[in-house]
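Working through the structure, step by step
So the chains spell out like this:
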Amino acid sequence: MKLVDHVVQSFCVAKVFRENTDRINSIDFSTNGETLISSSEDDSIVIYDCEKGTHKKTLNSKKYGVDLIHYTHAANTAVHSSTKVDDTIRYLSLHDNKYIRYFPGHTKKVVALCMSPVDDSFLSGSLDKSVRLWDLRSPGCQGVMHLTGRPVANFDPEGLIFAVGVNSQLVKLYDLRSFEKGPFNSFKLPQDKDCDWTGLKFSPDGKMILISTNGQVIHLIDAFQGKPLQTLMGHINNKGLPLESSFSPDSQFVFSGSTDGIIHVWCAKTGVKTAVLSCDHTGPVQCVQFNPKYMLLASACTNMAFWLPNIEEEI
């Protein structure tokens, strides 16, 4: 089945999971699409089986709290930021709920965390106005970029470059092999009046960069020249939350949650609203991601919803 307008418009909730007692703050699909991991303000990590549509496992992180959880390249390990004690990043074995390694260095809350798509390196950004580059195999930081404001950051799909957004108006592109030389390109964008950038993602085809905010606007820019392509609006964010927005695996559509529990979908090429998907989300939908391999959308408030297309496949 191809992801086209009428298929996206047909998506409806196939299953709702009520495993958490507080807001789910981050989600991540495994590369093969078989499982989904989530972290929550209730200090728990929940793993779901996407093929069977079942809850697989719950782990607790009561001591340090958990946010910004990401699978590494091994499906049985993850990295996450902490919400208690300190701002150390932690590398966790999901098999036995034991920490493999700690990554200390940030002195304020970590607000960005992402794994390289190709190897064991990962990026983190913090309110201490720095972005750090790490390797899972070593607790020491591989490199640090000192910035002038709150950062957002991510790798491109090939893991060759990474982008850093600073002060909600500047995007800097770095070559991973020579990042210490500084950015090889920078784009300045018009600053939003009432909101800050809270997330940055490359499209799966590497041609666009998606910038999420804690306001009612999402930016789509050209990944090479930084030219503004689309300004996506029409979703509600009246609580100043860092609502996640995500691409479909074919880079055609952008999905975002809202504080009124609705999922909004836009066409990336035109910026036109494709669908508004309603669900019984009881609170703000902070997390929305499309499965990289299966025709499955996940959205989360305190509950987790799995969406499937409600349409017969055309022969």
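Going by the structure above, here's the rest.
Since we're looking at a predicted model, the values are computed, not measured.

1. Points about the pattern of salt bridges
Pairing is possible between side chains of opposite charge, provided their charged atoms come close. Applying the stated rule across the entire model yields seven salt bridges. A salt bridge links Asp-135 to Arg-137; the nearest nitrogen and oxygen atoms lie 2.7 Å apart. On the basis of relative accessibility, which here comes to 13%, the residue Asp-135 falls in the buried class. We classify Arg-137 as exposed; its relative accessible area is 60%. Across the salt bridge formed by Lys-201 and Glu-244, the nearest N and O atoms sit 2.8 Å from each other. Pair noted here: Lys-201 is in strand β18 (residues 197-202) and Glu-244 is in the loop between β21 (228-232) and β22 (245-247), with a separation of 43 residues, a long-range link. What makes Lys-201 partly exposed here is its relative accessible area of 22%.

2. A closer look at the environment of Leu-173
Its location among the elements puts Leu-173 in strand β16 (residues 170-175). Considering only alpha carbons, one finds Leu-173 and Pro-183, ten residues apart in sequence, at a separation of 5.2 Å. Sequence-distant contacts of Leu-173, that is, excluding residues within four places in its chain, are made with Phe-162, Ala-163, Pro-183, Phe-184, Asn-185, Phe-187, Phe-202, Ile-209 and Ala-223.

3. Brief notes about the sheet that holds strand β3 (residues 35-40)
Ordered in space as β2-β3-β4-β5, the four strands form an open sheet in which the pairing is antiparallel. Every other strand in the sheet has two partners, leaving β2 (24-29) and β5 (54-60) as the edge strands with one partner each. Recorded for the sheet is a direction-independent mean angle of 20° between the axes of neighbouring strands. As paired elements, strand β4 (residues 44-49) and β5 share six bridges and run antiparallel to each other. Within β5, the position partnered with Ile-47 by the bridge is Lys-57.

Rules used throughout
- Residues numbered from 1 in each chain as written.
- Predicted model: local features only at pLDDT ≥ 70, side-chain atom pairs only at ≥ 80, totals over all residues.
- Heavy atoms only, no water.
- Salt bridge = Lys/Arg side-chain N within 4 Å of Asp/Glu carboxyl O.
- Buried < 20%, exposed > 50% of the residue type's maximum accessible area, 1.4 Å probe, protein only.
- Helix = DSSP H or I, 4+ residues; strand = E, 2+ residues; numbered from the N terminus.
- Contact = heavy atoms within 4.5 Å.
- Pairing = 2+ DSSP bridges.
- Axes fitted to C-alpha atoms, helices over the stretch in contact; angles between N-to-C directions.

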